[in-house]
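# Coordinate inspection notes
These are the residues of each chain, in order.
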Protein chains: 2
Amino acid sequence: MIRPMARTNTRFVEAYNELLNLCDQLEVGAYLPSENALSAQLGVSRTVIRSALTRLDDCSIIALDGREKILRRHSNVEDRLEGPPVLLGIEELESRFLDWVLRMDVPPGTVLNVAQLSKDFSVATHTLQEFFSSLSRFGIVVRRPRGGWVLLGFTKNYAVELSDFRTVLESNSVRHLAALPLDHEIWARLDSLEQEHLDLLLRIDKDFHDFSPLDEKFHAVINSVVVNRFVKEFQKIISLVFHYHFQWNKTHERERNEDAIREHLALIEALRSRDADKAEAAARRHLATSKQTLLSSLETNSHAT
Amino acid sequence: MIRPMARTNTRFVEAYNELLNLCDQLEVGAYLPSENALSAQLGVSRTVIRSALTRLDDCSIIALDGREKILRRHSNVEDRLEGPPVLLGIEELESRFLDWVLRMDVPPGTVLNVAQLSKDFSVATHTLQEFFSSLSRFGIVVRRPRGGWVLLGFTKNYAVELSDFRTVLESNSVRHLAALPLDHEIWARLDSLEQEHLDLLLRIDKDFHDFSPLDEKFHAVINSVVVNRFVKEFQKIISLVFHYHFQWNKTHERERNEDAIREHLALIEALRSRDADKAEAAARRHLATSKQTLLSSLETNSHAT
DNA sequence: CAATATGTTTATTATTATTAAAGACAGACC
DNA sequence: GGTCTGTCTTTAATAATAATAAACATATTG
């Protein structure tokens with residue numbers, strides 16, 4: 001008789017199985033630690049421990065009487081409990097959802113069916129609702145007047161505005177970076193990045209696919225000099241959108257990547273000069289190229305409006 | 001016998017009352033329009049119309065038989081239905097919540113009790129959850145590992161990073177603005193803004209309170225030249241935080257506001273020169289002052305860490 | 001009697017179940 | 001053929017519920 005469970009009892013199941021492990025390490029007849037000790041050890045509340053102990057008693061694994069908890073027998077395979085299917089959290093959902101939108105070319109204007117999607121992504125419906133609510137801050141989805149959600153991005157306009165915004169943020173990072181003292185650790189990191197770029201350039205004909213992760217790393221390093229939670233939050237979305245598209249835009253991929261590498265190298269060079277204007281100019285050149293690539297990748301996938 | 005209602009039947013109640021109005025305008029014995037026509041007219045689904053018609057029939061207001069809907073009598077006061085209490089939507093919640101945090105000086109680290117707060121703000125619990133989820137994008141709240149939410153901002157660090165971010169965005173706007181052609185409508189708007197500033201300066205001794213809305217308007221106009229959804233989204237938060245604090249920081253308010261007006265005027269002047277560097281410098285000077293004011297207003301309210 | 005244990009109660013959240021509403025489809029009617 | 005109604009399916013908003021955490025009270029032990 002399985003009753004519907006409002007909240008999943010994952011914590012109970014895990015704690016129970018963990019307690020079995022603990023019991024198996026003791027001799028039959030031994031005393032178990034106090035409830036407080038157990039709850040601290042397993043990192044769950046005393047309530048969970050007490051439920052688990054009660055069940056251990058019911059299954060005659062321990063003899064529970066007040067504060068006496070005497071081990072009566074070791075566990076066997078059947079004593080183990082099976083938990084409910086694990087649902088994904090909101091963090092994993094983010095990349096899976098954006099990946100779905102971009103990979104499947106879900107057109108702007110699509111009505112997002114929460115009931116259906118929650119099954120597809122194996123998350124609770126309300127997790128999706130909360131997720132959409134947070135995505136709406138980036139204008140990727142909007143709430144419909146009387147319930148439901150509509151996918152807005154990624155249109156051409158969205159790409160343009162995202163690119164522009166990225167340019168504003170990254171120009172700022174570059175200017176900051178150029179002003180850092182020579183003994184700052186960033187310079188060593190740039191040296192090693194430069195080497196990685198040069199290495200890849202030598203084997204670009206066959207390894208041009210390796211550029212995407214390097215690009216991500218490069219921009220992450222540049223932006224790391226600005227410690228700002230808003231910049232960081234946006235970087236996540238920017239990174240996802242750009243790299244997803246670059247990954248699937250196969251036209252002239254080798255040339256594009258080679259050009260980008262040379263732009264990266266030019267930017268590193270400009271940064272070393274520690275001339276903010278020169279560095280910013282180099283950054284803007286590269287970001288403009290990036291923007292064009294993003295736009296062309298949207299156009300080949302045709303539904304951009 | 002009132003049964004619990006999962007979803008509120010506000011739409012039904014409103015449609016029903018609206019139908020009563022409609023009936024009262026007809027003569028007894030007249031035919032009502034088709035269900036489709038009624039649903040189009042009232043802007044609700046046919047399902048709602050049908051429920052309402054059925055009830056009208058039950059109350060002997062109409063005689064419903066297939067597509068015949070004959071009016072039998074006019075309505076009286078008792079026929080009117082009373083809807084369930086109206087809950088606020090997520091849009092109204094935003095300013096109310098931020099206002100509560102800032103006005104009550106809710107300290108960073110406070111655990112946000114969804115059950116309690118949903119009563120206080122008269123919204124559904126899940127509305128609050130979705131709202132917090134969207135706020136988490138701005139780092140104002142964070143989700144706790146196993147459920148619940150914690151208020152993070154507004155710490156001193158938050159203020160610093162928000163100010164810096166604002167400076168980045170607004171410097172960009174200012175550079176854009178300085179590059180606009182002379183026949184662009186923005187110049188006329190700046191002229192009128194300048195006049196408003198000059199006017200206020202004359203009566204600053206008694207009307208220094210009028211500066212806050214003018215400040216908001218000023219920055220909104222400056223930023224309006226950049227058409228970018230991300231910039232717009234942030235402007236909302238920035239505007240709320242800054243203006244709320246300025247409103248409550250009473251130390252040297254007259255001097256602060258007078259200084260700010262002069263900085264605004266200097267910025268307008270610099271913009272008119274259409275020299276991007278000069279304009280940006282003026283903007284940064286003003287934003288730096290603004291940042292200091294925000295920080296000092298946090299310090300006087302003491303719990304900033 | 002102080003410290004620590006368990007027993008009991010309360011509060012809060014995550015998730016399910018339920019209802020209102022929207023929309024689709026098919027047959028009836030003019 | 002077009003419009004109308006009857007029926008059914010799908011979806012999202014909300015209330016109800018089980019799991020958990022945490023607070024409080026009482027008992028036990030050294």
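Along each chain, residues carry numbers from 1 onward, in the same order as the chain's sequence is written. Here chains are named by letter from A upward and ligands by number from 1 upward, in the order in which they appear as written. Only residues with pLDDT of 70 or above have their local features reported here, since the model is predicted, and side-chain atom pairs are shown and tallied only from 80 upward, although totals for entire chains, interfaces and linings are computed over all residues. Computation of side-chain values covers all heavy atoms of the structure but excludes hydrogens and water.

Time to look at the overall build of chain A. Under the DSSP-based scheme used, a helix requires at least four consecutive residues in state H or I and a strand at least two consecutive residues in state E, with every element numbered from the N terminus. If you tally the helices and strands in chain A, you get 13 helices and five strands. A globule of 305 residues ought to have a C-alpha radius of gyration of about 19 Å, yet chain A, at 27 Å, is considerably larger. For chain A, the spread of C-alpha atoms along the principal axes amounts to about 75 × 55 × 35 Å. Type-normalised accessible area, obtained with a 1.4 Å probe on protein chains alone, sets the label of each residue: buried when under 20%, exposed when over 50%, and partly exposed for intermediate values. Relative to its 305 residues, chain A shows a buried fraction of 45%. In this description, contact between two residues means that some pair of their heavy atoms is separated by no more than 4.5 Å. For chain A, the proportion of contacts with a sequence separation of at least 24, taken over those separated by at least 6, is 70%. Carbon and sulfur atoms make up 52% of the accessible area of chain A, which amounts to about 15700 Å² in all. As a reference, a globule follows 2.2 Å times the number of residues to the power 0.38, and the radius of gyration itself is taken over C-alpha atoms. The Shrake-Rupley method, run with a 1.4 Å probe sphere, supplies the accessible areas, and residue values consider only the shown protein chains as cover.

Residues and elements named next belong to chain B. Where helices are involved, their axes are fitted lines through C-alpha atoms of the stretch in contact, as for all axes, and angles between N-to-C directions lie from 0 to 180°. Between helix H4 (residues 90-104) and helix H6 (residues 125-135), the shortest axis-to-axis distance is 10 Å and the interhelical angle comes to 65°. Where H4 crosses over H6, the handedness of that crossing is right-handed. On H6, the residues touching Ile 90, Leu 93, Glu 94 and Phe 97 of H4 are Thr 127, Leu 128, Glu 130, Phe 131, Phe 132 and Leu 135. Any residue outside Ala, Val, Leu, Ile, Met, Phe, Trp, Tyr, Cys, Pro, Asp, Glu, Lys and Arg is labelled polar, Gly included; the first ten of those are nonpolar and the last four are charged. Classifying every residue of the contact of H4 with H6 by side-chain character gives seven nonpolar, one polar and two charged. Helix crossings fall into two classes, left-handed where the near helix is turned counterclockwise from the far one by less than a right angle and right-handed where it is turned clockwise.

Before going further, it helps to examine the domain arrangement of chain A. Residue and element names in this part refer to chain A. Domain segmentation is taken from an automatic or database assignment of domains. The domains assigned to chain A are domain 1 (10-79), domain 2 (90-151) and domain 3 (156-300). The C-alpha-based centres of domain 2 and domain 3 are spaced at 28 Å. Taken residue by residue, the interface counts eight residues in domain 2 and 10 residues in domain 3. Put simply, buried area is how much 1.4 Å-probe accessible surface two parts lose in total, over both of them, once they are put together. Overall, the association of domain 2 and domain 3 removes approximately 910 Å² of surface from exposure, summing both partners, and the carbon and sulfur fraction of that is 75%. On the domain 2 side of the contact with domain 3, Leu 102, Arg 103 and Phe 138 bury the most area, a combined 59% of that side's loss. A side-chain nitrogen of Lys or Arg and a carboxyl oxygen of Asp or Glu constitute a salt bridge if their distance falls within 4 Å. On inspection of domain 2 and its partner domain 3, the count reaches zero salt bridges. Between N or O atoms, a polar contact is any pair within 3.5 Å; within protein, one atom must be a potential hydrogen donor and the other a potential acceptor, and residues adjacent in sequence are included only when both atoms are from side chains. The interface formed by domain 2 and domain 3 contains two residue pairs in polar contact (both at pLDDT 80 or more).

With that settled, consider the side chain of B:Ser75. All names here are of chain B. With respect to the secondary-structure elements, Ser 75 resides in the loop between strand E2 (68-71) and H4. Separated by 2.8 Å, the side chains of Ser 75 and Asp 24 make a polar contact. Other than its neighbours up to four places away in sequence, Ser 75 contacts Leu 20, Asp 24 and Arg 80.

Turning next to the protein's contact with DNA strand C. Any residue with a heavy atom lying within 4 Å of a molecule or strand is counted as near it. Taken together, 37 residues surround DNA strand C, and among them A:Ala6, A:Lys69, B:Arg11, B:Thr47 and B:Asn113 come closest. Taking the atoms of DNA strand C that fall within 4 Å of the protein, sugar and phosphate contribute 70% of them. For DNA strand C, a phosphate oxygen lies 3.4 Å from a polar atom in the side chain of A:Ser34. Here B:Ser45 contributes a side-chain N or O atom positioned 2.7 Å from a phosphate oxygen of DNA strand C. Of all the secondary structure elements, the ones that give two or more residues to the surface near DNA strand C are helix H2 (35-42) and helix H3 (46-58) of chain A together with helix H1 (10-24), helix H3 (46-58) and helix H5 (114-120) of chain B. When the residues that make up the surface near DNA strand C are grouped by side-chain class, the tally is 11 nonpolar, 14 polar and 12 charged.

Another point: the interface of chain A and chain B. Interface size, as often reported, equals the accessible area lost upon joining of the parts. In this complex, chain A contributes 33 residues to the contact, which on the side of chain B involves 33 residues. Buried surface at the junction of chain A and chain B, summed over both partners, amounts to about 3200 Å²; 52% is from carbon and sulfur atoms. Three residues, A:Arg137, A:Arg229 and A:Phe230, lead the burial of chain A against chain B; their summed loss comes to 28% of the area buried on that side. Between the two partners, chain A and chain B, sit eight salt bridges. Here A:Glu233 ties to B:Arg137 by a salt bridge, and the two come within 3.2 Å at their closest N and O atoms. Taken together, the links from chain A to chain B amount to 14 residue pairs in polar contact (both at pLDDT 80 or more).

Attention now moves to the packing of aromatic side chains. The rule is short: rings of Phe, Tyr and Trp, with Trp giving its six-membered ring, pair when the centres are within 6.5 Å, and they are stacked under 30 degrees, edge-to-face over 60, tilted in between. Using the criterion set out here, one finds 30 aromatic pairs over all chains in the structure. Taking 5.4 Å as the distance between ring centres and 80° as the angle between the ring planes, the aromatic pair formed by A:Phe230 and B:Tyr158 counts as edge-to-face. One end of the pair, A:Phe230, is in helix H11 (residues 229-248); the other, B:Tyr158, is in helix H7 (residues 156-178), on a second chain. The exposure classification of A:Phe230 matches that of B:Tyr158, with both residues buried. Relative to B:Trp100, the ring of B:Phe97 lies with its centre 5.8 Å away and its plane at 45°, an arrangement referred to as tilted. Of this pair, B:Phe97 and B:Trp100 both sit in helix H4, three residues apart, which is roughly one turn of that helix.

A separate point is the pattern of salt bridges. Applying the stated criterion to the full structure yields 50 salt bridges over all chains. The partner of A:Lys206 in a salt bridge is A:Asp207, and the shortest N-O contact between them spans 3.2 Å. On the basis of relative accessibility, which here comes to 62%, the residue A:Lys206 falls in the exposed class. With a shortest N-O distance of 2.8 Å, B:Glu161 and A:Arg229 are connected by a salt bridge. Here the residue B:Glu161 occupies a position in helix H7, and A:Arg229 occupies one in helix H11, the pair thus bridging two chains. When its relative accessible area of 26% is taken as the criterion, A:Arg229 is described as partly exposed.

Moving on, we get to the relation of the copies chain A and chain B. For these two chain copies, the linking operation is a rotation about an axis paired with a shift along it. Fitting of the copies onto one another was done by least squares over C-alpha atoms, counting residues only where both copies have pLDDT of at least 70. Relative to chain B, chain A is turned by 180° and slid 0.0 Å along the rotation axis, the superposed coordinates differing by an RMSD of 0.4 Å. Expressed as an axis order, the relation between the two copies is that of a two-fold axis. Proximity to the rotation axis, assessed at the C-alpha, singles out A:Ser134 in chain A; its C-alpha lies 1.8 Å from the axis. A share of 100% of the interface residues of chain A reappears at the interface of chain B, consistent with the copies meeting face to face through the same patch.

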